[in-house]
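An overview of the molecular structure
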Amino acid sequence: MLGAVLYGPRDVRFEERDIPRIMKPTDAIIRISATCVCGSDLWPYRGIQPIAQPTPMGHEYCGIVEEVGNAVTSVKPGQFVIGSFFASDNSCSNCQVGYQSSCQHAEFIGTAQASVLRVPLADGTLVPTPAVPSDDLIPSLLTLSDVMGTGWFAADAASVKPGSTVVVVGDGAVGLLGVLSSKQMGAGRIIAMSRHASREGAAHIKELTNGIGADSVLECVGTQESMLQAISTSRKGGYVSYVGVPHGVELKGEQLFFAHVHLHGGPAPVRRYLPEMIELVWNRKINPGKVFDLTLSLDQVAEGYRAMDERRAIKTLLRP
Ligand SMILES: [Zn+2]
Ligand SMILES: [Zn+2]
């Protein structure tokens, strides 16, 4: 089987890897229909988050179940399934309150840029679609595995409600789908922010909101600048969610104390939202697959990374 392996900064190779097999009775093996490159893959790709050894890549996936372990009861071979980048049992205390990405048995799925994938805890992790989808639905279904699920969590964690004024910090793939999610949740006004000096951006939002600030702010980048911008853009009593993996973010206690905001973020518990999001995509109410502006065959994975690194693409879809 061929798959993507990162060797070092800007060195992704498409090479022979072992075919995944059932290792535990709770595993499933799926044949990947589509996978993609994530903004978070660019941290190790750029060497900002160094790797110790050649590392298989990819955590966003959907595909057809090929085989399941003896203990798996809720998915079966032939079904089209989507799962989160964290496998979860969907039954422990953390899962029961909707934080499956902090499952007590969570396992990160990091080998999805390949033609075949092993998914642990298949019953808790994978959600089947009503039938095998037509080809045009696959990009949108794939986004539910992470990027759309993360945008949706960002909007939910920032308590977006009908009529809310929403600011989305970051116009990458997650930010764009944070906009789509906020719209779906009934936001009255959505302001997307790209790269601004943080004070300048916050002042501009204050101007746009009669000096009050936004009800909900979605931080979708993960830098010091974007986090400070998000907090200073919120109204008093407002909600700030943060879903960009933080790199070098430090917050001062005093600043937080006087900000008077609700802060809620972390790795998105995508699994919580999968049934609802699948229904919306299946019934063509949302089309988050539009976020992919480059589609390549899986063997061109290195070009997929390069295009995102050089900002020629927002997000690359890969088809085996
Ligand atoms: Zn991702
Ligand atoms: Zn759990």
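Heads up: the structure comes first, above all this text.
Residue numbers restart at each chain and count upward from 1, following the sequence in its written direction. Going through the entries in the order they are written, you letter the chains from A and number the ligands from 1. For this predicted model, a pLDDT threshold of at least 70 governs which residues receive local features, and a threshold of 80 or more governs which side-chain atom pairs are given and counted, while totals over whole chains, interfaces and linings are taken from all residues.

1. Description of the environment of Gln229
Going by this rule: For helices the rule is a DSSP run of H or I covering at least 4 residues; for strands it is a run of E covering at least 2, with both sets numbered from the N terminus onward.
Tracing the sequence through the fold places Gln229 in helix α8 (residues 224-233). The spacing of Gln229 and Met193 is 36 residues in sequence and 9.7 Å in space, taken between C-alpha atoms.

2. Concerning the packing of helix α5 (residues 147-157) against helix α10 (residues 270-282)
In a packed pair of helices, the relevant descriptors are the angle between the two axes and the axis-to-axis distance. We apply this condition: Axis geometry follows a simple rule: fit a line to the C-alpha atoms, using only the stretch in contact for helices, then measure angles between N-to-C directions, giving values from 0 to 180 degrees. Angles below 35 degrees are treated as roughly parallel, those above 145 as roughly antiparallel, those between 65 and 115 as roughly perpendicular, and all remaining angles as oblique. We call two residues in contact when the distance between their C-beta atoms, placed using the backbone, is within 7 Å. Charged residues are taken to be Asp, Glu, Lys and Arg, nonpolar residues to be Ala, Val, Leu, Ile, Met, Phe, Trp, Tyr, Cys and Pro, and polar residues to be all remaining types, Gly included.
Running from amino to carboxyl end, α5 crosses α10 at an angle of 100°, the nearest separation of the two axes being 9 Å. Considering the angle they form, α5 stands roughly perpendicular to α10. Seen from α5, the contacting residues are Met148, Gly149, Thr150, Trp152 and Phe153; seen from α10, they are Val270, Tyr273 and Met277. Tallied by class, residues from the contact of α5 with α10 come to 6 nonpolar, 2 polar and no charged.

3. Side note on the sheet that holds strand β2 (residues 11-16)
Under the convention used in this document: Strand pairing is assigned whenever DSSP detects at least two bridges linking the two strands.
One open sheet accounts for 3 strands, arranged β2-β1-β4; its pairing is antiparallel. Either end of the sheet is taken by a strand with one partner, and the two such strands are β2 and β4 (55-56). By the bridge criterion, 2 bridges tie strand β1 (residues 2-8) to β4 in an arrangement that is antiparallel. If you follow Leu6 over to β4, its bridge partner there is Thr55. Against the sheet, helix α11 (residues 301-309) touches β1 and β2, its axis set at about 160° to β2.

4. Considering the packing of α5 against helix α6 (residues 173-184)
Put simply, the rule is: Crossing handedness is read from the near helix: turned anticlockwise from the far helix by less than a right angle, it gives a left-handed crossing, and turned clockwise, a right-handed one.
Running from N to C, α5 and α6 cross one another at 55°; their axes reach a closest spacing of 7 Å. It follows from the interaxial angle that α5 and α6 lie oblique. For α5 against α6, the interelement crossing comes out right-handed. Between α5, through Val147, Met148, Thr150, Gly151, Trp152, Ala154 and Ala155, and α6, the contact on the second element is made entirely by Ala173, Val174, Leu177, Gly178, Leu180, Ser181 and Ser182. When its residues are assigned to classes, the contact of α5 with α6 shows 9 nonpolar, 5 polar and no charged.

5. As for unusual backbone geometry
Most of the time, phi is negative for any residue but glycine, and the peptide bond is trans. As a reminder, the rule being used: Each residue is classed by its C-beta neighbour count within 10 Å, where at least 20 other C-beta atoms makes it buried, 12 or fewer makes it exposed, and intermediate counts make it partly exposed; the C-beta atoms are placed from backbone geometry.
The phi torsion at Ser159 lies on the positive side, around 60°, for a residue other than glycine. Note on Ser159: 17 C-beta atoms within 10 Å, which makes it partly exposed. The phi angle at Asn210 is positive, at roughly 55°, despite the residue not being glycine. Secondary-structure assignment places Asn210 in the loop between α7 (198-208) and β13 (214-219). Residue Asn210 is classed as exposed on the basis of its 7 C-beta neighbours within 10 Å.

6. A few points about the pairing of strand β15 (residues 262-265)
Rules: For the handedness criterion, the strands are oriented away from the viewer, and a crossover whose path from the first strand over the helix to the second runs clockwise is classed as right-handed.
The pairing of strand β14 (residues 234-242) with β15 spans 4 bridges and is parallel. Paired with Val240 across the strands is Leu263, a residue of β15. As a crossover connection, the stretch from β14 through helix α9 (residues 253-259) into β15 is right-handed.

7. A short note on the nonpolar core
As a reminder, the rule being used: As used here, a nonpolar core is made of buried Ala, Val, Leu, Ile, Met, Phe, Trp, Tyr and Cys residues. They are joined through C-beta atoms within 7 Å. Reported domain spans reflect what an automatic or database domain assignment gives.
Of all hydrophobic cores here, the largest spans 97 residues; its most connected members are Ala28, Val81, Ala154, Ala158, Val168, Val169 and Leu218. For this core, the leading source of residues is α5, giving 7 residues. Residues lining this core come from more than one domain, with at least three contributed by each of domain 1 (2-146 + 269-319) and domain 2 (150-265). The contact partners of Leu218, leaving out residues within four places of it in the chain, are Ala154, Ala155, Ala158, Val166, Val168, Val169, Gly178 and Ser241.

Geometric values such as these leave the question of function open.
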